[in-house]
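# Architecture at a glance
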Amino acid sequence: LCVGTYTGNGAASRTITTGFQPDMITVKRSTAVGAHFRTTAMAANRTEFFTTTAANTTGAYIANRTATGFTVGATDNATGGTYNYIAFRSGGGTFAQGSYTGNATAGTNITGLGFQPDTLVIKNSTSTTANNRRSIIYTDKHFGNLASYLSDSVADATNMVQGMVIDGFTLGAGNNTNQSGTTMYWFAFGGAPSFGSVSGSFTMAQGTYRSEE
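Residues numbered from 1 in each chain as written. Predicted model: local features only at pLDDT ≥ 70, side-chain atom pairs only at ≥ 80, totals over all residues. Heavy atoms only, no water.

### Re the packing of aromatic side chains
Here the distance between the centres and the angle between the planes together describe a pair of aromatic rings. Throughout the structure, instances matching the rule amount to 14 aromatic pairs. Following the ring pairs from residue to residue traces out a cluster consisting of Phe37, Phe50, Phe88, Phe95, Phe187 and Phe189. Here Arg134 stacks its cationic end above the ring of Tyr149, 5.2 Å away from the centre of that ring. (Phe/Tyr/Trp six-rings, centres within 6.5 Å; stacked < 30°, edge-to-face > 60°. Lys NZ or Arg CZ within 6 Å of the ring centre and 35° of its normal.)

### Digging into the pattern of salt bridges
Counted according to the given criterion, the structure contains 3 salt bridges. With its nearest N and O atoms 3.7 Å apart, the salt bridge here joins Asp23 to Arg65. Within this pair, whereas Asp23 is found in the loop between β2 (13–17) and β3 (24–29), its partner Arg65 is found in strand β6 (residues 62–66), the two being separated by 42 residues in sequence. Look at Asp23 and you get buried, because its relative accessible area is 14%. For the salt bridge of Asp140 with Lys141, the shortest nitrogen-to-oxygen distance reads 3.1 Å. (Salt bridge = Lys/Arg side-chain N within 4 Å of Asp/Glu carboxyl O. Helix = DSSP H or I, 4+ residues; strand = E, 2+ residues; numbered from the N terminus. Buried < 20%, exposed > 50% of the residue type's maximum accessible area, 1.4 Å probe, protein only.)

### Here we look at unusual backbone geometry
One non-glycine residue, Asn45, lies in the positive phi region at around 75°. Despite not being glycine, Ala104 shows a phi value in the positive range, around 60°. Position of Ala104 relative to the elements: it lies in the loop between β9 (95–101) and β10 (109–111).

### Examining the nonpolar core
Core analysis: the biggest nonpolar cluster contains 20 residues, and Tyr100, Leu113, Leu120, Ile122, Met160, Phe169 and Trp186 have the highest contact counts within it. Contributions of two or more residues to this core are made by β9, β11 (119–124), β12 (136–139), β13 (146–149), β15 (161–165), β16 (168–171) and β17 (183–189). Per-element accounting of this core gives the leading share, 3 residues, to β17. Membership of the second largest hydrophobic core comes to 12 residues, among which are Tyr6, Phe20, Ile25 and Tyr85. (Core = buried A, V, L, I, M, F, W, Y, C linked by side-chain atoms within 4.5 Å.)

### Looking at the sheet that holds β6
The pairing of strands in a sheet happens through backbone hydrogen bonds and is either parallel or antiparallel. The strand order across the open sheet formed by 3 strands is β2-β7-β6, and the pairing between neighbours is antiparallel. Every interior strand has two partners, whereas the edge strands, β2 and β6, have only one. Mean inter-strand twist for the sheet, computed between neighbouring axes without regard to direction, equals 25°. Pairing analysis gives 4 bridges linking β6 to strand β7 (residues 69–73), with the strands arranged antiparallel. Bridging across to β7, Arg65 finds its partner in Phe70. (Pairing = 2+ DSSP bridges. Axes fitted to C-alpha atoms, helices over the stretch in contact; angles between N-to-C directions.)

### Observations concerning a nonpolar patch on the surface
Together, Leu1, Val3 and Ile86 make up an exposed nonpolar region whose accessible area comes to about 300 Å². Among the secondary structure elements, Ile86 is positioned in strand β8 (residues 82–88). (Patch = residues over 30% accessible without salt bridge, like charges linked within 9 Å, V, L, I, M, F, W, Y side chains within 5 Å. Areas by Shrake-Rupley, 256 points an atom, 1.4 Å probe, with all protein chains shown as cover.)

### Points about the side chain of Asn178
By the secondary structure assignment, Asn178 is in helix α1 (residues 175–178). You can call Asn178 buried: its relative accessible area is 0%. Engagement of the side chain of Asn178 in a polar contact is seen with the backbone oxygen of Thr105, the distance being 3.2 Å. Not counting the four nearest positions on each side in its chain, Asn178 is found in contact with Tyr100, Gly102, Asn103, Ala104, Thr105, Thr108, Leu171, Gly172, Ala173 and Met184. (Polar contact = N/O pair within 3.5 Å; in protein donor to acceptor, adjacent residues only side chain to side chain. Contact = heavy atoms within 4.5 Å.)

Written as structure tokens, this is what we have:
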């Protein structure tokens, strides 16, 4: 995991160093530009948005990965712009990403993650209907068959994700996660294992602060 920020310098292409080859990168400019992401499963120059915005395939946003970071194009490097990013690397039972083709069949399992995820994000990339391109987030704390939209003030939806399984997750038949024939990109996080019964010596800190306003 690497979290960072950079100021755009106007170059048509720029490399951002994370110290490792990331499997997923998300970038958000401080102005009114939708947050967007790129994963290993995507072709070069492709960037997906968490909103209903269609994918960019020109390399203007997150263009590609490098051995020690990622490259951005002109839109994600506008002169003077402030950009915040998070980069993740797969492995260790904590993060995985991938893609699948929707089949509109509830109960379909997507497996091979190597762990049971606690948080899952799915993006319908190729639907021609804008609302179907809203990103869905589902956690192991969601109630029953409900999932949430990541970027819109819309009520939770049913039939998107049915639950987590030992090695992946189970889909509903909803268009945002399982529209027939469309390409879905996903990434998932695994939580820390339960501590169970622990004992020993522990340290803590406490304090106060006063507002200067």
